[in-house]
Amino acid sequence: MNSVKTENNFPAFNDRKAFYKMLCKLVLPIVFQYFMSALVSASDAFMLGFLDQTSLSAVSLAGQVAFVYYLFINTFLTGAMVLGAQYWGKKEYTTLEDVLGVTMRYVMIVGMAFTLAAVFCPSLLMRVFTRDPELIEGGVKYLRMVAVGYFIMGFVDSYLCFMKICEKTMMSTVISTIGVVINIILNALLIFGLGPFPKMGIEGAALATVISRVIELVIVAFAVLMTDCVKLRVRKLITLSKKFIHSDFWKYSFPVMINQFGWGGGMTMYSVIMGHLGSDATAANSISSIVRALIASVCWALATGCRSGSVPSPGW
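Throughout this document, residue positions are counted from 1 along each chain, in the order its sequence is written. Where local features are concerned, this predicted model is filtered to residues with pLDDT of at least 70; where side-chain atom pairs are given and counted, the filter is 80 or more; whole-chain, interface and lining totals use all residues. Excluding hydrogens and water, the side-chain figures rest on all heavy atoms present in the structure.

Each aromatic pair joins two rings of Phe, Tyr and Trp (for Trp, the six-membered one) with centres within 6.5 Å, and gets the label stacked for planes under 30 degrees apart, edge-to-face for over 60, and tilted for any other angle. Under the definition given, this model contains 11 aromatic pairs. Look at Y106 and F249: their rings are 5.9 Å apart centre to centre, the planes differ by 5°, and that puts the pair in the stacked class. Taken together, the residues Y106 in helix 3 (residues 93–120) and F249 in helix 9 (residues 244–277) connect sequence positions 143 residues apart. By way of ring pairs, the aromatic residues Y69, F72, F114 and Y150 are connected into one cluster. Numbering of helices and strands runs from the N terminus, with a helix taken as a DSSP run of H or I at least four residues long and a strand as a DSSP run of E at least two residues long.

Following this line, the structure appears as structure tokens:
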């Protein structure tokens, strides 16, 4: 017998083989999901590189705004996964709805802030990363077009996270993969103007991202309605029936925020330095960052799988 049931209905493993078997079962779909997401940036760089180096560099620097935004999202989603997995395991679904409500509240607030900043002061955001007028001009075009996608991204990624909590990892992976494939296809059509589509260059890359996110949003909404995944109650975005959820949420999220902005701040400053060195350095850095992200997909997936609470510690 490889395992026995614990009080939380999770198997307590007596050998490493059984543990790693379950870990792989959980993590492999997440690895694939992260890898596919990294392919979006890779396709942007690959296709924009065919236009000119300035376009590649401008979008790479503008993408740092989304990176900083995702530091906030990842903070909230990490706290949500640690807290939400406990209540899913206890079958306290009403409390899990409270966790979703708190998570969505902060994600939407930050998402709206980034959307408004990208719409109304994109040049100010770009000047943080570079002083090159051409890079700023290209980045402004990208940010204004992609701005609405920030808000949608927060909502979609939050629900994909809660699908993992509700043991629907494969569904989350399929939805994310569909969005990535559509994004890559639209990149080619809109950047180069293939067939009846207009040639939009940088703005085409941004529009492809927004359209793919909207499609993901529609699929997520349909999936939530058709399955037993936790539902978002609008009233819980405003008030909480269980006040301790809010304090517990920040208990888990705040240490992650310190870590995220310690690490992410360093990575962002690296891009700032490259951006001020010019277009050549920025282009080279964007390519190396994509390679790094593809390799790191495995590490991120392992961390996500373990912190979700779905894989218990082995009884070694």
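Next comes the rest of the account.
Attention now moves to helix 4 (residues 122–129). For helix 4, every residue scored as buried is listed here: P122, M126 and F129. Within helix 4, the buried residues cover an arc of 50° as seen down the axis, which keeps them to one side. Elements that come into contact with the buried residues of helix 4 comprise helix 2 (53–89), helix 3, helix 5 (133–165) and helix 9. Buried means the residue's accessible area, taken with a 1.4 Å probe over protein chains only, is under 20% of the maximum for its type, while exposed means over 50%, and partly exposed covers the values in between. This arc corresponds to the set of directions leading from the helix axis out to the C-beta atoms. What makes two residues a contact is simply this: any of their non-hydrogen atoms within 4.5 Å.

What follows deals with the packing of helix 5 against helix 6 (residues 169–192). Viewed as axis vectors pointing N to C, helix 5 and helix 6 meet at an angle of 155°, and their least axial separation amounts to 7 Å. Accordingly, the angle class assigned to the pair helix 5 and helix 6 is roughly antiparallel. Each of L160, M163 and K164 in helix 5 lies in contact with helix 6, whose residues at this interface are T169, M171, S172, I175 and S176. Considered class by class, the residues forming the contact of helix 5 with helix 6 number 4 nonpolar, 3 polar and 1 charged. Axes, fitted as lines to C-alpha atoms, cover a helix only where it is in contact. Angles between the N-to-C directions of the axes lie from 0 to 180 degrees. Roughly parallel here means an angle under 35 degrees, roughly antiparallel means over 145, roughly perpendicular means 65 to 115, and every remaining angle is called oblique. Under the grouping applied here, Gly and all other residues not named as nonpolar or charged are polar, the nonpolar ones being Ala, Val, Leu, Ile, Met, Phe, Trp, Tyr, Cys and Pro and the charged ones Asp, Glu, Lys and Arg.

Here the focus is the environment of A205. Along the chain, the position of A205 falls in helix 7 (residues 202–226). Overall, the relative accessible area of 0% leaves A205 in the buried class. Not counting the four nearest positions on each side in its chain, A205 is found in contact with D44, L48, Y142, N187 and I191.

A few words on the environment of V234. Counting through the fold element by element, V234 comes out in the loop between helix 7 and helix 8 (235–238). C-alpha of V234 to C-alpha of G101: the two residues are 133 residues apart in sequence and 7.7 Å apart in space.

Our next topic: unusual backbone geometry. Of note, the phi angle at K91 is positive, near 65°, even though the residue is not glycine. Of note, K91 is situated in the loop between helix 2 and helix 3. The exposed category is assigned to K91, whose relative accessible area is 54%. Positive phi outside glycine occurs at E167, with the angle close to 65°. For E167, a relative accessible area of 59% puts it in the exposed group.

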